[in-house]
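Understanding the architecture of this molecule
Each chain, written out:
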Amino acid sequence: VTIGNFDGVHLGQQGLLNRVIRRANELDGTSVVITFEPHPLKVLRPEKAPRLLTSLHEKIEIFQSLGIQVVICIDFTIEFSRQSADEFIGTLLGEKIGARVVLIGPNYIFGKDREGNIDLLNERGRVLGFEVGVMGPVEIDGHRVSSSRIREHLSKGEVDKAARLLGRYYAIEGIVTPGHHRGLGLGYPTANIYTVDETLPEEGIYAVRVEHGNETIEGACYIGTQPTFAGRKVGVEVNLFDFGGTLFHEHLKILFVKMIRQERKFQDKETLIRQIKEDVERAKEVLREEVRNA
């Protein structure tokens, strides 16, 4: 069993999950993840709550792809937050799950008033019959892999650096909705995406791959407010290369490969069109290079 929020399910967390799977196989047991929805800070201190990297649906998909057999998602409420650490261990890990091994990350704190810690887990484990293992942090380039570090990279448009920590491309999902058709008027039709994903990369242009059903299409994605047209609301639009179908109300998953440039305002429509042409060509070049280097 392991316990946590697992926002991003990044390489550090994947290391812990893989260890859970290995120990479960060694014991001929079941690999279990306990997680929470919503994120505890959204309930306890909403002003401090981070913008999430992954939805619950996406987290469960990744858990399953890694080989986790059971996911227990606890509805995190004020009432649940008042449960003592000892009660959490005894009721959930002991009575309901019958844990044999509990694996956690460093500095794990839980329970009412954050009273639960590794020492308490070890103490209760000796009574209830489970062992406790602690996995140290994973580092890349001398820095600890963390959800906050990934969010920092995304805020700067460094989607390629975020991908190194995630072990996959950062992605958002959404439904294609009607837009202003400005892209069509500029010669580069775009699909406007409505997404509930909380963390968007910095405003700008990105080389992307887009999953549509069973096919993957290369493209360029724009995130921004369309300042050339005096826009205000941040939107997400994607231009798909070599695609001539219709996408209204279709579900798309956008995988961010690399930033092409930051958002900026252009003096007129003609200048913008020239820049878009350069952006598209640069995105195609980036995607070709990425395939060659794979």
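Structure shown above.
Within any chain, residue numbers begin from 1 and follow the written order of that chain's sequence. With the structure being a predicted model, the display of local features is reserved for residues of pLDDT at least 70 and the display and counting of side-chain atom pairs for 80 or more, all residues being used for whole-chain, interface and lining totals. The basis for every side-chain value is the complete set of heavy atoms in the structure, and neither hydrogens nor water enter the calculation.

As for the overall build of the protein
Each helix and strand in the protein was counted, giving 10 helices and 13 strands. Overall, the C-alpha framework of the protein stretches about 75 × 40 × 35 Å when taken along its three principal axes. Accessibility here uses a 1.4 Å probe with only protein chains present; expressed as a share of the type maximum, an area under 20% marks a residue as buried, one over 50% as exposed, and anything in between as partly exposed. Burial statistics for the protein: of 294 residues in total, 47% are counted as buried. By the convention used here, residues are in contact when the closest approach between their heavy atoms is within 4.5 Å. Counting only contacts in the protein whose residues sit at least 6 apart along the sequence, the fraction spanning at least 24 positions is 71%. With an accessible surface of roughly 15500 Å², the protein has 48% of that area assigned to carbon and sulfur atoms. By the counting rule applied here, Lys and Arg register as positive and Asp and Glu as negative, while His and the ends of each chain are not counted. Here the site of a charge means atom NZ of a Lys, CZ of an Arg, CG of an Asp or CD of a Glu. Each charge sign in the protein was given a centre, from 38 positive and 42 negative side chains, and these centres are 3 Å apart. Labels follow the DSSP assignment, with helices taken as runs of H or I lasting at least four residues and strands as runs of E lasting at least two, numbered in each case from the N terminus. Calculation of accessible area relied on Shrake-Rupley with a 1.4 Å probe; when residues are assessed, cover is drawn exclusively from the protein chains displayed.

Here we look at the layout of surface pockets
A cavity here means a set of points on a 1 Å grid, drawn over the protein atoms and nothing else, where a 1.4 Å probe fits but cannot get out; a pocket is an open set with protein on both sides within 12 Å along at least five of seven lines, and a residue lines either one if it has an atom within 4 Å of a point. Grid points are joined across faces, edges and corners, and a volume is the space filled by probe spheres set on the points. A volume near 1400 Å³ is recorded for the largest pocket. Lining of the largest pocket is provided by 43 residues; of these, G4, N5, H39, Y108 and I109 occupy positions nearest its centre. Residue assignment for the lining of the largest pocket shows that the elements contributing at least two residues are helix 1 (11–26), helix 2 (40–44), helix 4 (78–81) and helix 7 (147–155).

As for the environment of P178
In this fold, P178 is placed in the loop between strand 8 (170–177) and helix 9 (182–185). On the accessibility criterion, P178 (59% relative accessible area) is exposed. C-alpha separation for the pair P178 and G133, spaced 45 residues apart in sequence, amounts to 51 Å. Discounting chain neighbours no more than four positions away, the residues touching P178 are N192 and F248.

Observations regarding empty space enclosed by the protein
Rolled over the atoms, a probe with the dimensions of a water molecule shows which regions are left empty. Throughout the structure, instances matching the rule amount to three cavities of 30 Å³ or more. Roughly 50 Å³ of internal volume is contained in the second largest cavity. Around the second largest cavity, the lining residues are N5, D7, F36, E37, P38, H39, L52, T54 and K59.

Let's talk about the pairing of strand 5 (residues 131–134)
DSSP-based pairing: two strands are paired if at least 2 bridges between them are found. Taken together, the four bridges between strand 4 (residues 101–104) and strand 5 define a ladder with parallel strand orientation. Bridge pairing links L103 to G133 in strand 5. Handedness of a crossover is defined as follows: orient the strands so they point away from the viewer, and if the path from the first strand over the helix to the second runs clockwise, the crossover is right-handed. A crossover links strand 4 with its parallel partner strand 5, the connecting element being helix 6 (residues 118–128), and its sense is right-handed.

With respect to helix 5 (residues 85–97)
Taken together, the buried positions of helix 5 are A85, F88, I89, G90, L92 and L93. Taken together, the buried residues of helix 5 touch strand 1 (2–3), strand 2 (32–37), strand 3 (70–75), helix 4, strand 4 and helix 6. Backbone geometry just downstream of helix 5 places G98 in the positive-phi region, at approximately 70°.

A word on the pattern of salt bridges
A carboxyl oxygen of Asp or Glu within 4 Å of a side-chain nitrogen of Lys or Arg is what we treat as a salt bridge. All chains considered together, the criterion is met by 14 salt bridges. Across the pair R164 and D141 runs a salt bridge, and its minimum N-O distance is 2.5 Å. Of this pair, R164 sits in helix 8 (residues 159–166) while D141 sits in the loop between strand 6 (139–140) and strand 7 (143–144), and the two are 23 residues apart along the sequence. The exposure class of D141 is exposed, given its relative accessible area of 56%. With a shortest N-O distance of 3.2 Å, D160 and K258 are connected by a salt bridge. Taken together, the residues D160 in helix 8 and K258 in strand 13 (residues 251–262) connect sequence positions 98 residues apart. The class of D160 is partly exposed, set by a relative accessible area of 31%.

Some remarks on helix 8
Of the residues making up helix 8, those classed as buried are V159, A162, A163, L165 and L166. Looking straight down helix 8, one finds its buried side chains confined to an arc of 165°; they lie on one side. The inward-facing, buried residues of helix 8 abut helix 1, strand 6, helix 7, strand 8, strand 10 (204–212) and strand 13. G167 lies just past helix 8 and shows a positive phi near 80°. The arc in question is traced by the directions running from the helix axis to the C-beta atoms.

Topic: the environment of V33
One can find V33 in strand 2. Among the residues examined, V33 registers a relative accessible area of 0% and is labelled buried. Along the backbone, V33 and F6 are 27 residues apart, and their C-alpha atoms lie at a distance of 9.6 Å. Each residue touching V33, except ones within four places of it in the same chain, is listed here: T2, F6, L17, F63, I68, V70, V71 and I72.

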